[in-house]
Amino acid sequence: MFHKETYQKRRERLSNDLESGLILMLGNNYVGMNYAANTYPFRQDSNFLYFFGLDKAGLAAIIDVDNNNTILFGHNPTIDDIVWEGQVPGINDLAASCGVEHTEDSSTLSTLINKALKAGQKVHFLPPYRNANIIRLADLLGQPVESIKTGASIPLIHAVAAQRSIKSQEEIKEMTEAVNITRAMHIAVMQGAKAGVKEAELAGLAQQIAYAQGNGLAYPVILSKDGQTLHNHYHGNILQEGQLVLGDFGAQNSMCYAGDITRTCPVSSTFTAVQKSIYEIVLKAEVDAINACKAGVKYKDVHLDAAKIISAGLKDLGLMKGNVDEAVAAGAHALFFPHGLGHHIGLDVHDMEDLGEQYIGYDEETQRSDQFGTKYLRLGKRLEKGNVITVEPGIYFIPELIDKWYGEGMHKDFINYDALESFKNFGGIRIEDNILINDTDSTILGDPIPKTISEIESL
């Protein structure tokens, strides 16, 4: 945990931003895998972590803005808890560690909420994403379950997003640690990628390092020779000479801050000439995009510039044709680059997206596109000093998408379909780093992770 004053200041700012009402925050509970006592690894709600820092199940809190009072709800451990889990801190000790003076047993939460509602006090809550908390909120507020998903407090969403979007120096330190653990994972995987090795062995190697050096995975490992499938969690292939391996994975550190890095490497000791030609295009798009990022720049513009770099490179190779600007405006690039350039990262790998992407990545000035490819851009608005984001361009050859577009006559003026036939078994290449936005530039977090062709081949 950070020092308790950090959490006190965060809650104080949140109260000042809301001005009135009662803020209800539910922590997460254990979730059964196949029966109640056999649980998935516990992960605390990130907003609860941010404002209270308590990585324990079964907690809730109320910040009473009107009466300047914060209450932590939970249970003291029973002798059964101690027998099965060992000595764990009581509710008063947990409260003291995050600077909360008042505690209550969880059984009193409903009574306090009812009292506030009867007094006409506004109860603010954030959008829940777990069914158990949706049902619990419905019970506490006396509302139908269907109304909970749409009943979250917009002022509270904006207030939380405003705080969490700007990372403090102590947060940047934690994120740098997470990236450096992730670095070790990627170097080990790149060194281990050889003919005859099963993808699952490499995925297991990455996970081993994540647990040995950190707090496990920030998200399930994406690792495959079929890199054209963007979120490929299948690890059953045996690698062969001439293939590429795309690895997109990251660790969370002990404070639950995430790393999110992607590297693509050859199974053979070197890239082929064709692989090099595609790789260099993606690398240029990534490096140029990172260099373009600074406070005040629209990330949507950076995304579109990366799409133009990719389109120009593919045109040089004879895979695209026509005017590059017109091709990107028409969305022809999305055949090869069908996702967004990046997103916020922090306590969540897609930071704060549980609050709603429209509040996190967009605003009144910048609206989401409805065009295929660009509509998947999770962050489009102007960057701010203190944002930490991912930059992850890619080029993919998806046979099913190529055939679909060709059959429909899509973008014939910009795509050379005949030349694509020989690329249908290519796979995909993505390169990703995590960067901190400064006033006039950006900083890549963590120690350098090999990404040039010569650096990767030297491994």
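Just so you know, these numbers come straight off a predicted model, no measurement behind them.

Student: Got a minute to help me understand helix α5 (residues 109-118) in this structure?
Tutor: Counting along an α-helix, one turn takes 3.6 residues, and residues three or four places apart therefore face a common direction. For α5, the full list of buried residues reads Leu109, Ile113 and Ala116. Axial view of α5: buried residues confined to an arc of 60 degrees, hence all on one face. Within α5, the exposed residues directed more than 90 degrees away from the buried face are Thr111, Lys115 and Lys118. In the core, the buried residues of α5 are packed alongside β1 (22-26), β4 (60-64), β5 (69-74), β6 (102-105) and α6 (131-141). The first or second residue beyond α5 is Gly120, which carries a positive phi of 80 degrees.

Student: Would you take a moment to explain the sheet that holds β5 for this structure?
Tutor: Pairing is mixed in the open sheet, where five strands are placed in the order β6-β5-β4-β1-β7. Where the open sheet ends on each side, the last strands, each with one partner, are β6 and β7 (123-124). Here β1 runs beside β7; their pairing, made up of two bridges, is parallel. Looking at β7, one finds that Leu22 is bridged to Val123.

Student: Please explain the nonpolar core as it appears in this structure.
Tutor: Nonpolar side chains in soluble globular proteins tend to end up buried together. Membership of the largest hydrophobic core comes to 142 residues, with the highest contact counts inside it found for Leu14, Leu24, Phe52, Tyr299 and Phe397. In this structure, Tyr299 is in contact with Cys293, Leu341, Gly342, Leu377, Leu379, Gly380, Lys381, Leu383, Ile389, Thr390 and Val391, ignoring residues within four places of it in sequence.

Student: Could you clarify how one ought to interpret the packing of aromatic side chains in this entry?
Tutor: Two aromatic rings, taken as a pair, are described by how far apart their centres are and by the angle between their planes. Under the defined criterion, the tally for this structure stands at 13 aromatic pairs. On the basis of an interplanar angle of 65 degrees and a centroid distance of 5.2 Å, the ring pair of Phe397 and Phe426 is categorised as edge-to-face. Of the two residues, Phe397 sits in the loop between β12 (394-396) and α15 (399-408) while Phe426 sits in the loop between α16 (417-420) and β13 (428-430), which places them 29 residues apart along the sequence. Classification of Phe397 as buried rests on a relative accessible area of 0%.

Student: It is not clear to me how the pattern of salt bridges should be interpreted in this structure. Could you clarify?
Tutor: Once the charged atoms of two side chains with opposite charge are near each other, the side chains can pair. Scanning the model with the defined rule gives 22 salt bridges in all. When the shortest N-O distance is used, the salt bridge between Glu353 and Arg378 registers 3.1 Å. In this pair, Glu353 is assigned in the loop between α13 (324-330) and α14 (357-360) and Arg378 in the loop between α14 and β11 (388-391), connecting sequence segments 25 residues apart. On the basis of relative accessible area, Glu353 is assigned to the buried category, the value being 18%. Judged by relative accessible area, Arg378 falls into the partly exposed class, the value being 29%.

Student: Would you mind showing me how to read the side chain of Asn133 here?
Tutor: If you trace the backbone, Asn133 turns up in helix α6. When residues no more than four places from it in sequence are discounted, the contact partners of Asn133 are Leu26, Gly27, Asn28 and Pro128.

Reading guide: rules and limits
Each chain carries its own residue numbering, running from 1 in the written order of its sequence. Local features in this predicted model are restricted to residues whose pLDDT is 70 or higher, and side-chain atom pairs enter the listing and the counts only when it is 80 or higher, whereas totals over whole chains, interfaces and linings include all residues. Side-chain metrics rest on all non-hydrogen atoms present in the structure, leaving aside hydrogens and water. Relative accessibility thresholds used throughout: buried, under 20% of the residue-type maximum; exposed, over 50%; partly exposed, between the two (1.4 Å probe, protein chains only). In this text, helices come from DSSP runs of H or I with a minimum length of four residues, and strands from runs of E with a minimum of two, each type numbered from the N-terminal end. Arc, as used here, means the arc of the directions from the helix axis to the C-beta atoms. Contact between two residues is taken to exist if any of their heavy atoms lie within 4.5 Å; hydrogens are not considered. A pair of strands is labelled paired if DSSP reports no fewer than 2 bridges between them. Only buried residues count toward a nonpolar core. Its members are Ala, Val, Leu, Ile, Met, Phe, Trp, Tyr and Cys residues joined through side-chain atoms within 4.5 Å. Stacked, tilted and edge-to-face are the three classes applied to pairs of Phe, Tyr and Trp rings, where Trp contributes its six-membered ring and a pair requires centres within 6.5 Å; stacked means planes under 30 degrees apart, edge-to-face means over 60, and tilted covers the rest. Every case where a carboxyl oxygen of Asp or Glu lies within 4 Å of a side-chain nitrogen of Lys or Arg is listed as a salt bridge.

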